[in-house]
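Residues per chain are reported as follows:
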Amino acid sequence: LPLLLEATLLRLASGSHHPFYNGFYYNHLMNDKGNGQEEVDYFNGAKLVVETSKDPVYSSNGANVTLPCHYHYEPDMEAKPKIRIKWSKLRDDYTKDQDVLVAIGKTYMAFGDFQGRAHLRQVSRREASLVISDVRLQDDGKYRCEVIDGLEDESDVVDLQLQGIVFPYQPPRGQYKLNFHEAEQVCQEQGAILATFNQLFQAWSEGLDWCNAGWLADGTVQYPIRLPRKPCGGLHLAPGIRSYGPRHRHLHRFDAFCFSSGLRGEVFYLDHPAGMTLEEAKQTCQDAGTEIARVGQLYSAWKFLGLDRCNAGWLADGSVRYPITKPRANCGPAEPGVRSFGFPSKGRFGVFCYKER
């Protein structure tokens, strides 16, 4: 890149947070009528308008997605050839936005985890849409499209939502044993990430009811209740998300709410007439050219692929579970779900294996 362009891109990438109206391209002036109403005086006589999708954009793990963004002027005028565009991702904890991509003309630079996965789509006039390939779980969230034309700076926000499933998780050593960082780690080990509040709320609206408090991605501790009861906040409280608020990320210990999206492969069940120990189960998956499935993969296969198996099987964390989409006799409760036998130290079971496509 030419030195001037490179310096401009670096300034854009490290720039401070831009609100929707930053005051640089117009002045607020009191009118002469004394009625307290404001008139807006635009420097160049035209207002820059940026528009994104008002509805969420949905995607899934491993897919490609386009976040739409277009701009125009009111009244209409010809745009400058060197319009600058910046995409950033808003953080759930309201700390500094994460830089995604900056561009001047047809030259752009992506940052962090978006390097090699993000580029602009500009197939139509005054388009600044962002294309993200190989979508990852952590890509879920709100994105700001910002257009800069000289002193004029305008932006709008689009919401990218991954279609997925939230599941509660506690490690083999028992309930309320995880600090925040350990909760992040165990979710990653299960092919998932810590859920956001919006993801937990969506799961609650779809029927999730869980009385154990768990960490969320913003460092708060919450739990979803559909049927109020005494041990879960009391009978007098309405259904909803119970919150302990932010907790100390090192000292306080709870369970975790993990989020997993669609699979890039398939989960299937293998068995042996005499059953298998955990180590035998892992070896059986390896012999089949696969790996033993993780908890998040089993939940995703149950929700998105309709996996239904009334046979308990080992998973990578040492737990034994089975997924039921069509409840029936001798297969547990009357509701669909992933049943758990916990973390048995003894016993012989089948195994759920996972194979990438």
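Residues numbered from 1 in each chain as written. Predicted model: local features only at pLDDT ≥ 70, side-chain atom pairs only at ≥ 80, totals over all residues. Heavy atoms only, no water.

Looking at an unreviewed UniProt entry, one finds the chain named HPLN3 protein and attributed to Cepphus grylle. We quote the UniProt Sequence similarities (unreviewed entry) comment for the chain here in full: "Belongs to the HAPLN family." The heading Subcellular location (unreviewed entry) in the UniProt record of the chain holds the text "Secreted, Extracellular space, Extracellular matrix". (UniProt positions renumbered as here; feature names shortened; annotations may be inferred.)

Student: I would appreciate a short explanation of the sheet that holds strand β11 (residues 129-132) in the present structure.
Tutor: Strands in a sheet are paired, the pairing made by backbone hydrogen bonds, and the direction either parallel or antiparallel. Here three strands make up an open sheet; going across it, the order is β5-β11-β10 and the pairing antiparallel. At either end of the open sheet lies a strand with only one pairing partner, and these are β5 (65-67) and β10 (118-121). Each strand of the sheet is rotated relative to its neighbour by a mean of 30 degrees, with strand direction disregarded. Two elements, β5 and β11, share three bridges in a ladder whose sense is antiparallel. (Pairing = 2+ DSSP bridges. Helix = DSSP H or I, 4+ residues; strand = E, 2+ residues; numbered from the N terminus. Axes fitted to C-alpha atoms, helices over the stretch in contact; angles between N-to-C directions.)

Student: Any chance you could explain the state of the cysteines here in plain terms?
Tutor: Each disulfide consists of one covalent bond between the sulfur atoms belonging to two cysteines. Applying the stated criterion across every chain, the model contains five disulfides. Residue pairing for C285: its cysteine sulfur links by disulfide to C353, the two sulfurs lying 2.0 Å apart. In this structure the cystine formed by C285 and C353 twists about its S-S bond by roughly -80 degrees; its chirality is therefore left-handed. Of the two residues, C285 sits in helix α4 (residues 278-287) while C353 sits in strand β25 (residues 350-356), which places them 68 residues apart along the sequence. A single burial state applies to C285 and to C353, both of which are buried. Counting only the cysteines that take part in disulfides, in the order they occur along the chain, gives the pairing 1-2, 3-6, 4-5, 7-10, 8-9. (Disulfide = S-S within 2.5 Å. Buried < 20%, exposed > 50% of the residue type's maximum accessible area, 1.4 Å probe, protein only.)

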